There are 2 protein chains.
Amino acid sequence: MAAKAELAQAGAKRMAFQREHEYVSPRGLFDNVEPKGSRRFLTAAVSAFHGRGYHATTTRDIATLAGSSPAGIYTYYATKADLLYEIALIGHQYILDETEAALLVTDDPIGRIAEIVRRSVTYHAEEHVLTRVVNRDFQALDVQRLATIMKMRRRISTIVRDEVRRGVELGIFEVDHLEGTTIAVLRLMDVASWYNERGPMSPDELAEVYVGLILRMLGAPAAASDQAGDGKTAVNG
Amino acid sequence: MAAKAELAQAGAKRMAFQREHEYVSPRGLFDNVEPKGSRRFLTAAVSAFHGRGYHATTTRDIATLAGSSPAGIYTYYATKADLLYEIALIGHQYILDETEAALLVTDDPIGRIAEIVRRSVTYHAEEHVLTRVVNRDFQALDVQRLATIMKMRRRISTIVRDEVRRGVELGIFEVDHLEGTTIAVLRLMDVASWYNERGPMSPDELAEVYVGLILRMLGAPAAASDQAGDGKTAVNG
DNA sequence: AGACTCGGCAAGCAAGCGCTTAGTAGATCA
DNA sequence: TGATCTACTAAGCGCTTGCTTGCCGAGTCT
């Protein structure tokens, strides 16, 4: 029947469009999300939000990228905002874990800041599609969910601020204004908004440049960025 | 008549709402916009975009803030995007003029960078409502208008990059990676996204902190930020 | 006074939005 | 083989959106 052929064609068109605009998390951040069937909607939403922003993205955009009908989303998510929230949680939880893990590498403030910056920059560069969405669109969340995300962001800020302060107290850093400097460090670590994966710098190279810039900004001794370790050799070697 | 009373009431409600959410440009950036009648729609749009973002703002939001009916906008602007474009042009033209003017103050790369940073930070802090809109929502523009804005942004980047390079060539700065460092400087100067006018720092104080941070990041001599002048005393005094 | 201009209004249109509903193909069980 | 469940679809509802239309009162000119 003509009707059936039309339907098959619509399905094929959806799948073609889907493959063209696929987002696959370089670090596999969505590989363990349950239920399994929801993953394609999450990654489709990341891709759609990345291109147009949350508010300009329609549920039909997301459904098309996920290769489903407009109603398919609602099998797993009650609202468009639920999708954004789960994405924001995953992205924020990951960088929070990374930041906390960086503290375990060493006690030295220089080594810790270097490790925090290194992990954050490589993450924001490799996952620039995800982190651009997370760091730009989280502000579209409703007040309660926004508060949860803000709490996670504040934990990261606190870790950085504490480490900078400790470095100052130990006479390793020299900082005029703690709060302004902390925010500067945090802003520099988020390279997602401008990082270009087809540009000349790999995430690792970029990270080393930014470790150097930030340590210098903190007034660390000139040779500090060499002493800070490269995250591959032993710290106390 | 009851109908007439209702209309008067609707008008009064509009005006009350308008005054509550007013945006007035601290630097008077909209004072010379023509035609005169369009100004209230521009500032209303800045206020509305600031609160919700471009895509989440409705033309009715803007009209209400401007104290007009939904149709009032279209006396001056054909589309919602036209409003955003004029706002983006005004904001970008101002900081571009400021950046170019900073070059006239001195020939010294340290003095020039200091002056650029000082002007940019005070502008982004004082006009944080406008600059937050301009720097966040300009990406919602259509391709052609976006290209015009991007060209202005690139001119600012070029000025900063050239000055950093010149400082390196003169042996005043010491920079590992020119492009990464230039972007870092540009990112740090935009304090709009986090500046809080009820916080402890005035725009001028914040600017001096950031002049210091950035000059240190560029590897300028330790005493550079003192030598850089404070923008009030004579440069060669 | 009468004609004209202009800023603004009430009303409303077409399109697109988020989301709902009723129903079904296909896998899994007995 | 038939019952049951799950993931999904076609269709569409109610509402909001950006924008248009036809109109009008106040000010300005002749």
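Described below are features of the structure shown in this document. This structure is a prediction, so every number in the text was calculated from the model and none was measured.

**Considerations on the packing of helix α4 (residues 80–102) of chain B against helix α5 (residues 109–126) of chain B**
All names here are of chain B.
Argument step 1. Close contact between α4 and α5 brings their axes to 8 Å; oriented N to C, the two are set at 155°. Of the possible angle classes, the one that applies to α4 and α5 is roughly antiparallel. Crossing geometry of α4 relative to α5 is assigned as right-handed. Here Gly91, Tyr94, Ile95, Glu98, Thr99, Ala101 and Ala102 of α4 come into contact with α5, specifically with Glu115, Ile116, Arg119, Ser120, Tyr123 and His124.
Argument step 2. Residues that form the contact of α4 with α5 fall into these classes: 6 nonpolar, 4 polar and 3 charged.

**Brief notes about the pattern of salt bridges**
All names here are of chain A.
Argument step 1. One pass over the full model with this rule turns up 34 salt bridges over all chains.
Argument step 2. A salt bridge links arginine 112 to glutamate 163; the shortest N-O distance between them is 3.1 Å. Taken together, the residues span a long stretch of sequence, with arginine 112 in helix α5 (residues 109–126) and glutamate 163 in helix α7 (residues 143–169) at a distance of 51 residues. Of the two residues, arginine 112 and glutamate 163, neither departs from the other in class, the shared state being buried.

**Things to note about the relation of the copies chain B and chain A**
Argument step 1. Once chain B is rotated about the relating axis by 180° and shifted along it by 0.0 Å, it coincides with chain A to within an RMSD of 0.0 Å. On the angle and the small slide along the axis, the relation comes out as a two-fold axis. For chain B, the smallest separation between a C-alpha atom and the rotation axis is recorded for Met217(B), amounting to 2.5 Å.
Argument step 2. A share of 100% of interface residues in chain B that are also interface residues in chain A marks the association as one of identical surfaces.

**Section: the protein's contact with DNA strand C**
Argument step 1. In the vicinity of DNA strand C lie 17 residues, with Thr58(A), Thr59(A), Arg60(A), Lys80(A) and Arg40(B) positioned nearest.
Argument step 2. If you look at DNA strand C and keep only atoms within 4 Å of the protein, 62% of those are sugar or phosphate atoms.
Argument step 3. Residue Lys80(A) places a main-chain N or O atom 2.9 Å away from a phosphate oxygen belonging to DNA strand C.
Argument step 4. One of the side-chain N or O atoms of Tyr76(B) is found 2.9 Å from a phosphate oxygen in DNA strand C.
Argument step 5. Elements represented by at least two residues in the surface near DNA strand C include exactly α3 (59–65) of chain A together with α1 (2–20) of chain B.

**Concerning α7(A)**
Residue and element names in this part refer to chain A.
Argument step 1. Its 27 residues place the ends of α7 37 Å apart at the C-alpha level, agreeing with the 39 Å of an ideal helix rising 1.5 Å per residue.
Argument step 2. Of all the positions in α7, only Ile149, Met152, Ile156, Ser157, Ile159, Val160, Arg161, Glu163, Val164 and Gly167 are classed as buried.
Argument step 3. Packed against the buried residues of α7 are α4 (80–102), α5 and α8 (178–189).
Argument step 4. Looking one or two residues beyond α7, the residue adopting positive phi is glycine 171, at roughly 75°.

**Details of the protein's contact with DNA strand D**
Argument step 1. Looking at DNA strand D, there are 18 residues lining it, with Arg40(A), Tyr76(A), Thr58(B), Thr59(B) and Lys80(B) nearest.
Argument step 2. If you look at DNA strand D and keep only atoms within 4 Å of the protein, 57% of those are sugar or phosphate atoms.
Argument step 3. Here a base oxygen of DNA strand D and a side-chain polar atom of Arg60(A) are 3.4 Å apart.
Argument step 4. In the model, a phosphate oxygen of DNA strand D is placed 2.8 Å from a nitrogen or oxygen of the Thr59(B) main chain.
Argument step 5. Of all elements in the fold, only α1 (2–20) of chain A together with α3 (59–66) of chain B reach the threshold of two or more residues within the surface near DNA strand D.

**Let's talk about the nonpolar core**
Argument step 1. In this structure, Tyr210(A) and Tyr210(B) are the most contacted members of the largest nonpolar core, which totals 66 residues.
Argument step 2. Among the elements of the structure, α5, α7, α8 and α9 (203–217) of chain A together with α5, α7 (143–169), α8 (178–189) and α9 (203–217) of chain B are those that each provide at least two residues to this core.
Argument step 3. Setting aside its immediate chain neighbours within four residues, Tyr210(B) contacts Gly180(A), Ile183(A), Ala184(A), Val117(B), Val121(B), Leu188(B), Val191(B) and Trp194(B).

**What about the side chain of Thr43(A)?**
All names here are of chain A.
Argument step 1. Its location among the elements puts threonine 43 in helix α2 (residues 39–52).
Argument step 2. Of the residues examined, threonine 43 reaches a relative accessible area of 16% and is grouped as buried.
Argument step 3. If we skip the residues at most four places from it in the chain, threonine 43 touches Tyr23 and Phe30.

**With respect to the interface of chain B and chain A**
Argument step 1. Facing the 23 residues of chain B at the interface are 23 residues of chain A.
Argument step 2. The interface formed by chain B and chain A includes 2 salt bridges.
Argument step 3. The partner of Arg187(B) in a salt bridge is Asp190(A), and the shortest N-O contact between them spans 3.9 Å.
Argument step 4. Counting across the interface, chain B meets chain A through 11 residue pairs in polar contact (both at pLDDT 80 or more).

**Some points on the packing of aromatic side chains**
Argument step 1. Enumeration according to the criterion identifies 10 aromatic pairs over all chains in this entry.
Argument step 2. With centroids separated by 6.1 Å and ring planes inclined at 35°, the aromatic side chains of Trp194(A) and Tyr210(A) adopt a geometry described as tilted. In this pair, Trp194(A) sits in the loop between α8 and α9 while Tyr210(A) sits in helix α9, placing the two residues 16 residues apart along the sequence.
Argument step 3. On the basis of relative accessibility, which here comes to 1%, the residue Tyr210(A) falls in the buried class.
Argument step 4. Measuring from ring centre to ring centre gives 5.8 Å for Phe41(B) and Tyr76(B), while their planes differ by 45°; the resulting arrangement is tilted. Placement of the pair is Phe41(B) in helix α2 (residues 39–52) and Tyr76(B) in the loop between α3 and α4, with a sequence separation of 35 residues.
Argument step 5. Residue Phe41(B) is classed as buried on the basis of its relative accessible area of 1%.
Argument step 6. Taking the relative accessible area as the measure of exposure, Tyr76(B) reaches 34% and is therefore partly exposed.
Argument step 7. When the ring centre of Tyr54(A) is taken as origin, the NZ or CZ atom of Lys80(A), which lies over that ring, is 4.4 Å away.

Criteria and thresholds
- Residues numbered from 1 in each chain as written.
- Chains lettered and ligands numbered in written order.
- Predicted model: local features only at pLDDT ≥ 70, side-chain atom pairs only at ≥ 80, totals over all residues.
- Heavy atoms only, no water.
- Axes fitted to C-alpha atoms, helices over the stretch in contact; angles between N-to-C directions.
- Helix = DSSP H or I, 4+ residues; strand = E, 2+ residues; numbered from the N terminus.
- Parallel < 35°, antiparallel > 145°, perpendicular 65-115°, else oblique.
- Left-handed = near helix turned anticlockwise from the far one by under 90°.
- Contact = heavy atoms within 4.5 Å.
- Nonpolar A, V, L, I, M, F, W, Y, C, P; charged D, E, K, R; others polar.
- Salt bridge = Lys/Arg side-chain N within 4 Å of Asp/Glu carboxyl O.
- Buried < 20%, exposed > 50% of the residue type's maximum accessible area, 1.4 Å probe, protein only.
- Least-squares fit on C-alpha atoms with pLDDT ≥ 70 in both.
- Near = heavy atom within 4 Å.
- Polar contact = N/O pair within 3.5 Å; in protein donor to acceptor, adjacent residues only side chain to side chain.
- Expected span 1.5 Å × (residues − 1).
- Core = buried A, V, L, I, M, F, W, Y, C linked by side-chain atoms within 4.5 Å.
- Phe/Tyr/Trp six-rings, centres within 6.5 Å; stacked < 30°, edge-to-face > 60°.
- Lys NZ or Arg CZ within 6 Å of the ring centre and 35° of its normal.

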